[in-house]
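# Structure at a glance
In case you want the letters, here they are:
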Amino acid sequence: MTITEKEVPGAVVLELSGKIMGGPDAGVLNDKLHELLDEKKNKIVVDLAKVDWMNSSGLGILIGGLTTVRNNKGELKLANVTERIQSLLMITKLLTVFESYDSIEKAAASFK
């Protein structure tokens, strides 16, 4: 998994790409989220458009990220969720846990 960071009006976007499989990926995303939160950047959009595959450990990484951000009075939203990940979220009943949007712009605009 690789992470690319960019800023858009109202939010920071973390573009994830590759496979999200757990292991070292968990630390990489967690470190990046803590770095953003330390910089008082707490409105975060995770762009999943370039994620090829995600297993249950990868889902755990996203849940951990959501918890980390919420515990620091921030918000994390998903954008460009692929059909494969969407069905994974549906099967695990996590669709209701994450706010997801069709585009980065819509996700960023949803922050209050």
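This text goes with the structure placed above it.
Figured I'd write up the structure that's included with this text. Predicted, not measured: the structure shown is a model, and the values here were computed from it.

## What to know about the sheet that holds strand 1 (residues 2–8)
With mixed pairing, five strands are arranged side by side in an open sheet as 1-2-3-4-5. Of all the strands in the sheet, just strand 1 and strand 5 (100–101) have a single pairing partner and so form its edges. Two strands pair when backbone bridges link them, and strand 2 (residues 11–20) and strand 3 (residues 43–54) are joined in this way by eight bridges, in the parallel orientation. The residue bridging Leu14 from the neighbouring strand is Val46, located in strand 3. The strands that helix 1 (residues 24–38) touches are strand 1, strand 2, strand 3 and strand 4 (75–79); relative to strand 2, the one it contacts most, it runs at about 175°. Taken strand by strand, helix 3 (residues 83–91) contacts strand 3, strand 4 and strand 5, and its axis lies near 105° from that of strand 3.

## Looking at the side chain of Ser110
By the secondary structure assignment, Ser110 is in the segment after helix 4 (104–109). When its relative accessible area of 17% is taken as the criterion, Ser110 is described as buried. A distance of 3.4 Å separates a polar atom in the side chain of Ser110 from a polar atom in the side chain of Tyr101. Those residues within four positions of Ser110 in sequence are excluded, and the remaining contacts are Lys77 and Tyr101.

## Things to note about the packing of aromatic side chains
Scanning all chains against the criterion turns up zero aromatic pairs. Directly above the ring of Phe111 sits Lys77, whose terminal nitrogen or CZ lies 4.6 Å from the centroid.

## What about the packing of helix 1 against helix 2 (residues 56–71)?
One can describe the packing of helix 1 onto helix 2 by two numbers: an axis separation of 10 Å at closest approach and a directional angle of 20°. The orientation of helix 1 with respect to helix 2, classified from their angle, is roughly parallel. Helix 2 is crossed by helix 1, and the crossing has right-handed handedness. Residue-level contacts link Asp25, Ala26, Leu29, Asn30, Leu33, His34 and Leu37 of helix 1 to Ile61, Gly65, Thr68 and Val69 of helix 2. In terms of residue class, the contact of helix 1 with helix 2 is made up of six nonpolar, four polar and one charged.

## Regarding the nonpolar core
Within the largest apolar cluster, 25 residues are counted, with the highest numbers of intra-cluster contacts made by Val46, Leu48, Leu76, Leu78, Leu89 and Phe98. Every element with two or more residues in this core is listed here: strand 2, helix 1, strand 3, helix 2, strand 4 and helix 3. Excluding anything up to four places from it in sequence, Leu89 contacts Leu59, Leu78, Val81, Leu94, Leu95 and Phe98.

## Points about the side chain of Ser103
Tracing the chain through its elements places Ser103 in the loop between strand 5 and helix 4. The buried category is assigned to Ser103, whose relative accessible area is 16%. Here the side chain of Ser103 touches Lys106 through a polar contact of 3.0 Å, landing on its backbone nitrogen. Discounting residues that sit within four places of it in the chain, Ser103 has contacts with Ala79 and Asn80.

Conventions and cut-offs
- Residues numbered from 1 in each chain as written.
- Predicted model: local features only at pLDDT ≥ 70, side-chain atom pairs only at ≥ 80, totals over all residues.
- Heavy atoms only, no water.
- Pairing = 2+ DSSP bridges.
- Helix = DSSP H or I, 4+ residues; strand = E, 2+ residues; numbered from the N terminus.
- Contact = heavy atoms within 4.5 Å.
- Axes fitted to C-alpha atoms, helices over the stretch in contact; angles between N-to-C directions.
- Buried < 20%, exposed > 50% of the residue type's maximum accessible area, 1.4 Å probe, protein only.
- Polar contact = N/O pair within 3.5 Å; in protein donor to acceptor, adjacent residues only side chain to side chain.
- Phe/Tyr/Trp six-rings, centres within 6.5 Å; stacked < 30°, edge-to-face > 60°.
- Lys NZ or Arg CZ within 6 Å of the ring centre and 35° of its normal.
- Parallel < 35°, antiparallel > 145°, perpendicular 65-115°, else oblique.
- Left-handed = near helix turned anticlockwise from the far one by under 90°.
- Nonpolar A, V, L, I, M, F, W, Y, C, P; charged D, E, K, R; others polar.
- Core = buried A, V, L, I, M, F, W, Y, C linked by side-chain atoms within 4.5 Å.

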